[in-house]
Amino acid sequence: MNPYVLATLLSSLGLGTTLTFASSHWLLAWMGLEINTLAIVPLMAQHHHPRAVEATTKYFLTQATAAAVILFASTTNAWITGEWNMTNMSDPIATAMILTALALKIGLAPMHFWMPEVMQGLDLLTGLILSTWQKLAPLALIIQTAHTFDPILLTALGLMSTLVGGWGGLNQTQLRKVLAYSSIAHMGWMIIILQHAPQLTLLALLTYILMTSAAFLTLKLSYATKVSTLATTWSKNPLLAATAALVLLSLGGLPPLTGFMPKWMILQELAKQGLPLTATVMALAALISLYFYLRLCYTMTLTISPNTVTSSTPWRTQTTQASIPLALSTVMALGLLPITPTIVTLVI
């Protein structure tokens, strides 16, 4: 892709998200979401592959549907209340419609069906943008309007997303689909705690972005898109295989890795709020997710690829890819648990 075009598209992505962040008016927020969608569509379709074009079409249709519902619901709310302000959402039907549309935008269950299919058709870098940056604007709107949503609806969305994210990833052999289901499960964790402690939602989002970035960049460096390809990683780059396995365990939420911190604090907060049953279901759903991360770790570190070759395997493969972003995101995805007391002091 032409660097000038790429720069324009990436700056439009930034502009759309910033516009939504800064707005308290529904029309401006809607405009930001639309700029965001239109900026990523050429990035998704840049390879001109039938799968990429299909994924782009699916993504565009779902996002356009969600944007239309947001526009309709905010217009209805403005018609009833007389103002476009986000904080004044007094009509319950409009509020429920906006929550549904925003859930469709970020891929919360049961509006998640587009997410794995779209992710499967993209290359790893665009998939990374889709599963991290593209979540920011809708999540900002959800956090701003959280006080108007029905708590039972938020809890149901959160529980369903963590369960679907766990179950859906169990039988997958494609790594991008596994990461898509991982994204759905993490979104569930963010939504479940939103009504009780929005600062923990932000913390979960930040750790999720760090861990997902590390996972996608690792796969990009090792050119792996299928589980079977992972079995060859250790012979080419053993250190990368070791850190990749740890990043996956961090995504699963195992101590002493970074991913344990948000899960631990969310479960603690749910128990404080007198919701032990919800906390138990969330913890069990996290175990289901952990199973498929462990499966990937097992494939990567404890199995040998059946493809035996007569030539000697290069111990260090030469690469032209930038490894600094991977190194930084991996360190942060693995080692931030010791600063939990500082974070607790800051956010609570």
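Residues numbered from 1 in each chain as written. Predicted model: local features only at pLDDT ≥ 70, side-chain atom pairs only at ≥ 80, totals over all residues. Heavy atoms only, no water.

Enquirer: Could you clarify how one ought to interpret the overall build of the chain in this entry?
Expert: The secondary structure content of the chain amounts to 17 helices and zero strands. The C-alpha atoms of the chain give 20 Å as radius of gyration, which agrees with the globular expectation for 348 residues (20 Å, within 12%). Taking the principal axes of the C-alpha coordinates as reference, the chain spans close to 75 × 50 × 35 Å. Considering the chain as a whole, with its 348 residues, one finds that 51% of them fall into the buried category. Contacts in the chain between residues at least 24 apart in sequence constitute 79% of all its contacts with a sequence separation of at least 6. (Helix = DSSP H or I, 4+ residues; strand = E, 2+ residues; numbered from the N terminus. Rg over C-alpha atoms; globule rule 2.2 N^0.38 Å. Buried < 20%, exposed > 50% of the residue type's maximum accessible area, 1.4 Å probe, protein only. Contact = heavy atoms within 4.5 Å.)

Enquirer: How should the side chain of Gln-63 be read in this particular structure?
Expert: Structurally, the position occupied by Gln-63 is in helix 3 (residues 50-81). For Gln-63, a relative accessible area of 3% puts it in the buried group. In this structure, Gln-63 is in contact with Thr-37, Leu-104, Lys-105 and Trp-114, ignoring residues within four places of it in sequence.

Enquirer: Quick question: what am I supposed to make of the pattern of salt bridges here?
Expert: For side chains of opposite charge, pairing can occur when their charged atoms come near one another. Counted according to the given criterion, the structure contains three salt bridges. Here Lys-58 ties to Glu-117 by a salt bridge, and the two come within 3.9 Å at their closest N and O atoms. With Lys-58 in helix 3 and Glu-117 in helix 5 (residues 114-120), the pair connects residues that are 59 residues apart, well separated along the chain. Within the structure, one salt-bridge network assembled from shared partners comprises Glu-54, Lys-58, Glu-117 and Lys-177. (Salt bridge = Lys/Arg side-chain N within 4 Å of Asp/Glu carboxyl O.)

Enquirer: I keep staring at the side chain of Ser-23 and nothing clicks. Help me out?
Expert: Note on placement: Ser-23 falls in the loop between helix 1 (3-22) and helix 2 (26-44). Note on Ser-23: relative accessible area 2%, which makes it buried. In this structure Ser-23 touches Leu-28, Ala-29, Met-86 and Gln-144, once residues within four positions along its chain are discounted.

Enquirer: Would you take a moment to explain the nonpolar core for this structure?
Expert: A general feature of soluble globular proteins is that nonpolar side chains tend to end up buried together. Formed by 100 residues in total, the largest nonpolar core has its most connected members in Trp-26, Val-118, Ile-191 and Ile-266. The biggest single contributor to this core is helix 10 (residues 198-221), with 12 residues. Looking at this core, you find at least three residues from each of domain 1 (1-138) and domain 2 (150-306 + 323-347). Once residues within four sequence positions are removed from consideration, Trp-26 is found in contact with Ile-70, Ser-74, Trp-84, Asn-85, Met-86, Met-89, Ile-98, Leu-141 and Thr-145. (Core = buried A, V, L, I, M, F, W, Y, C linked by side-chain atoms within 4.5 Å. Domains from an automatic or database assignment.)

Enquirer: What is the right way to look at a nonpolar patch on the surface in this model?
Expert: Together, Met-1, Val-5, Leu-6 and Leu-10 give the surface a local cluster of nonpolar side chains, amounting to about 320 Å² of exposed area. A relative accessible area of 47% means that Met-1 is categorised as partly exposed. (Patch = residues over 30% accessible without salt bridge, like charges linked within 9 Å, V, L, I, M, F, W, Y side chains within 5 Å. Areas by Shrake-Rupley, 256 points an atom, 1.4 Å probe, with all protein chains shown as cover.)

Enquirer: Please clarify how the environment of Pro-116 should be interpreted in this entry.
Expert: By the secondary structure assignment, Pro-116 is in helix 5. Through-space distance from the C-alpha of Pro-116 to that of Tyr-181 is 6.7 Å; in sequence the pair is 65 residues apart. Apart from residues lying up to four places away in sequence, Pro-116 is in contact with Lys-177, Ala-180, Tyr-181 and Ile-184.

Enquirer: Help me understand the UniProt feature "domain: NADH:quinone oxidoreductase/Mrp antiporter transmembrane" (unreviewed entry) in the chain in this model?
Expert: The feature "domain: NADH:quinone oxidoreductase/Mrp antiporter transmembrane" (unreviewed entry), as annotated in UniProt, sits at residues 23-288 in this numbering. With 76% helix and 0% strand, the stretch residues 23-288 has end C-alpha atoms that lie 38 Å from each other. (UniProt positions renumbered as here; feature names shortened; annotations may be inferred.)

Enquirer: What's the story with the packing of helix 2 against helix 6 (residues 124-131) in this structure? I'm lost.
Expert: Each pair of packed helices can be summarised by the angle the axes make with each other and by the distance between the axes. Viewed as axis vectors pointing N to C, helix 2 and helix 6 meet at an angle of 160°, and their least axial separation amounts to 10 Å. As judged from the angle between their axes, helix 2 and helix 6 are roughly antiparallel. Helix-helix and strand crossings are classified by hand; for helix 2 and helix 6 the assignment is left-handed. Every residue of helix 6 that contacts helix 2 at Ile-40, Leu-43 and Met-44 is listed here: Thr-126, Ile-129 and Leu-130. When the residues that make up the contact of helix 2 with helix 6 are grouped by side-chain class, the tally is five nonpolar, one polar and no charged. (Axes fitted to C-alpha atoms, helices over the stretch in contact; angles between N-to-C directions. Parallel < 35°, antiparallel > 145°, perpendicular 65-115°, else oblique. Left-handed = near helix turned anticlockwise from the far one by under 90°. Nonpolar A, V, L, I, M, F, W, Y, C, P; charged D, E, K, R; others polar.)

Enquirer: Would you mind going over the domain arrangement of the chain with me for this structure?
Expert: Reports of interface size often rely on the accessible area that becomes lost once the parts have come together. Segmentation of the chain into domains returns domain 1 (1-138) and domain 2 (150-306 + 323-347). On the domain 2 side, the residues contacting the 24 residues of domain 1 number 27 residues. Between domain 1 and domain 2 lies a buried interface of about 2200 Å² when both sides are counted; carbon and sulfur atoms form 79% of it. Interface area lost by domain 1 to domain 2 is led by Leu-108, Gln-120 and Leu-124, which between them contribute 28%. For the pair domain 1 and domain 2, the number of links is one salt bridge. Salt-bridge contacts for Lys-177 lead to Glu-117; the nearest nitrogen and oxygen are separated by 3.6 Å. For the interface between domain 1 and domain 2, the tally reads five residue pairs in polar contact (both at pLDDT 80 or more). Of all elements in the fold, only helix 4 (92-106), helix 5, helix 6 and helix 7 (133-144) reach the threshold of two or more residues within the side of domain 1 that touches domain 2. Tallied by class, the residues present in the side of domain 1 that touches domain 2 amount to 15 nonpolar, six polar and three charged. (Buried area = accessible area lost by both parts, 1.4 Å probe. Polar contact = N/O pair within 3.5 Å; in protein donor to acceptor, adjacent residues only side chain to side chain.)

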